[in-house]
Each structure stands twice: as structure tokens, then as C-alpha cells.
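The primary structure of each chain is shown beneath.
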Amino acid sequence: MRVVIRKDYEAMSKTAAEIVARLVRSKPDCVLGLATGSTPVGLYQELARMCKEEGLDFSRVTTFNLDEYFGLSPDHPQSYRYFMNDNLFNHINIKKENTHVPDGTVSLDKVEEFCASYEKMIKEAGGIDLQVLGIGGDGHIAFNEPGSSLASRTRLIALEEQTRIDNARFFDSLDEVPRAALSMGVGTILEAKCCLFLANGRKKAGVVAESIEGPITSQITASALQLHPNTIAIIEEEAASELKRKEYYLYAEKMWKELGKSMI
Ligand code: GLP
């Protein structure tokens, strides 16, 4: 894993945006995997700015989101579809029909069929070129709660109480936070050609260190990224504070720079 440490949230977001923009410029019909949560908001703002001010063109880009709350309709203000429209899609020149977020309103008896069709759509689009990822308080990626198989595919999953508490800040009360979600599996995520793993804030420091430097375990599903041949972790300084090999990561980036090669 290439670990890049940035001094603050803004610098983390800018570095992430540079990576996404470089892909969009070199492959205008690329497929992006996108994440929700507070972490990627700065990245999305920077991409919107680049689209507006620098003409970064999303007109041929396709996107697939990681997950959606089960039971929330796309027009529900806390749904991930709503979040994506509000934070990114409404601010860039992407075609809405090229954006995909799992449908949280699918009926229970159609869930499996829907999840299989979501996987199929990703394959038919040529697979995900770059997958943006944040990390939950319990080390999950997408909604792959501890215990999710590292080979798991898109499915309906029950949310941990802690995850619901963490995400309750976006809802009026904890009771309103759905108890389940549709989520790409760890196995689905690992098939992306590149993963862009972002984390910020002191609260994430412990799980970030476990994910990057701890053993690979289904108890911290982000640790599965160690198995991916092309993951770039962009970690803001506070979230990086428990990394044991922090000095090495900083040194490696500096060394590549001196050799005239960028680590990202
Ligand atoms: C949810 C999402 C994850 C996200 C996590 C962290 O659980 N399903 O994809 O990484 O929240 O959110 P935040 O960035 O707000 O800390």
C-alpha cells in the first residue's frame, strides 16, 4: 500500500482530487467507484471546482456508489443517492443516467436479484478503474461490518449499532437510522483497478493503523486493502498519528520526489 500523509483535510482532499482528475483526463470514459460520508466531501468539492474552473470533463464518466441504506428512497435527504446528487453530481457535467447508487427501495424478495444485477452492471461497464473509500469507526469499508467475508459480494447487510450511532448525526434521531444497507462486498471492492483510501480525524487513528499495519482480518474489513496491488492511502496527519511506520511513509514520498517521480 502506498501511504501518503497530508497535513490537513484540505491537503488530503486536494491530493485525492489530483489523482481522480488525472484518471478522468487520461481516460475520459473511466468508471469511478464512489463513497459517501464526511470524508470525501472535500474531494468532491475540489472535483466540482476543477470541472467549473478548469473544464475537467465528466460527460463520459460512469460511476457506481458503494452502498445505500435499505428502505430509503432516492429523494430521502439522508439517502446516499441524495448525498451524491447534492455533494457531487449536481455540480459536475456528469450524465445522471451514468451514475449508479444501489436502490434502497428494492423489496426484500428482490434484494438478491438486485445485488447480482448491480455486480453485473459494474462488470459490463468494464469494471471500476478507481474506487474511493473512507473508513467507518469499526474499520469497515462501504458497509462491510466486522465479520464480512473478505470475498463478499454486493448484498444486504445488517448495520452494527456503533455504525448507526456514528451516522445518527445526519438524521434527526438514532431511531431513524436504517438497520440495514445494500453494500458492495469486500471482494467487489478488491476487483477495482485502483483503490483510493481516505481517512481524516483523530477518531480514525486507531482503525487506520490497524487497517494499514495490522493483520489482515475480516474484523477490520479495511485491512483487506493490504491484499490489493494498487491502493493509495491518503491519510490526514491526525488520522495518521498511530501509524508506527509514519516516518518511513514520509521518507518514501520525499525520496520519490527527489528522484523526480511522484508516489501518487
Ligand atoms: C459509512 C459509509 C462508509 C464511510 C463511513 C465513514 O459507514 N458506508 O462508506 O466510509 O460511513 O463515514 P465518515 O467519512 O463520515 O466518517
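These figures come from a predicted structure and were not determined experimentally.

Asks: Explain the pattern of salt bridges here, please?
Replies: Counted under the stated rule, the structure contains 15 salt bridges. A salt bridge links D129 to K27; its shortest N-O distance comes to 2.9 Å. Of the two residues, D129 sits in the loop between helix 4 (111-124) and strand 6 (130-133) while K27 sits in the loop between helix 1 (9-26) and strand 2 (31-34), which places them 102 residues apart along the sequence. For K27, a relative accessible area of 32% gives the class partly exposed. Residue R164 is joined to E161 by a salt bridge in which the shortest nitrogen-to-oxygen separation is 3.1 Å. Of the two residues, R164 and E161 both sit in helix 5 (residues 161-167), three residues apart, roughly one turn of that helix.

Asks: What is the right way to look at the site of the ligand in this model?
Replies: Taken together, 14 residues are adjacent to the ligand, and S38, T39, D67, H140 and K204 come closest. Side-chain polar atom of T39 to an oxygen atom of the ligand: 2.4 Å apart, as the coordinates give it. D67 is positioned such that a nitrogen or oxygen atom in its side chain is 2.7 Å from a nitrogen atom of the ligand. In the complex, the protein chains occlude 94% of the 390 Å² of accessible area that the ligand would expose alone. Taken together, the residues of the shell around the ligand break down into four nonpolar, seven polar and three charged.

About the cut-offs
- All residue numbers refer to position in the chain's written sequence, counted from 1.
- Given that the model is predicted, a residue must reach a pLDDT of at least 70 before its local features are reported, and side-chain atom pairs must reach 80 or more before they are shown or counted; all residues, however, enter totals for whole chains, interfaces and linings.
- Remark: hydrogens and water are excluded; side-chain values derive from all non-hydrogen atoms of the structure.
- Put simply, a salt bridge is a Lys or Arg side-chain nitrogen that is within 4 Å of an Asp or Glu carboxyl oxygen.
- Numbering goes from the N terminus for both helices and strands, where a helix is a DSSP run of H or I of at least four residues and a strand is a run of E of at least two.
- Partly exposed describes any residue whose relative accessible area lies between the buried limit of under 20% and the exposed limit of over 50%, with all areas from a 1.4 Å probe on protein chains only and scaled to the type maximum.
- Here a residue counts as near a molecule or strand whenever at least one of its heavy atoms sits within 4 Å of it.
- Two N or O atoms count as a polar contact when they lie within 3.5 Å, although within protein this holds only if one can serve as hydrogen donor and the other as acceptor, and sequence-adjacent residues are included solely when both atoms are side-chain atoms.
- Residue exposure ignores everything except the shown protein chains as possible cover, and the areas themselves are Shrake-Rupley values with a 1.4 Å probe.
- Think of it as three bins: nonpolar holds Ala, Val, Leu, Ile, Met, Phe, Trp, Tyr, Cys and Pro, charged holds Asp, Glu, Lys and Arg, and polar takes everything else, Gly as well.

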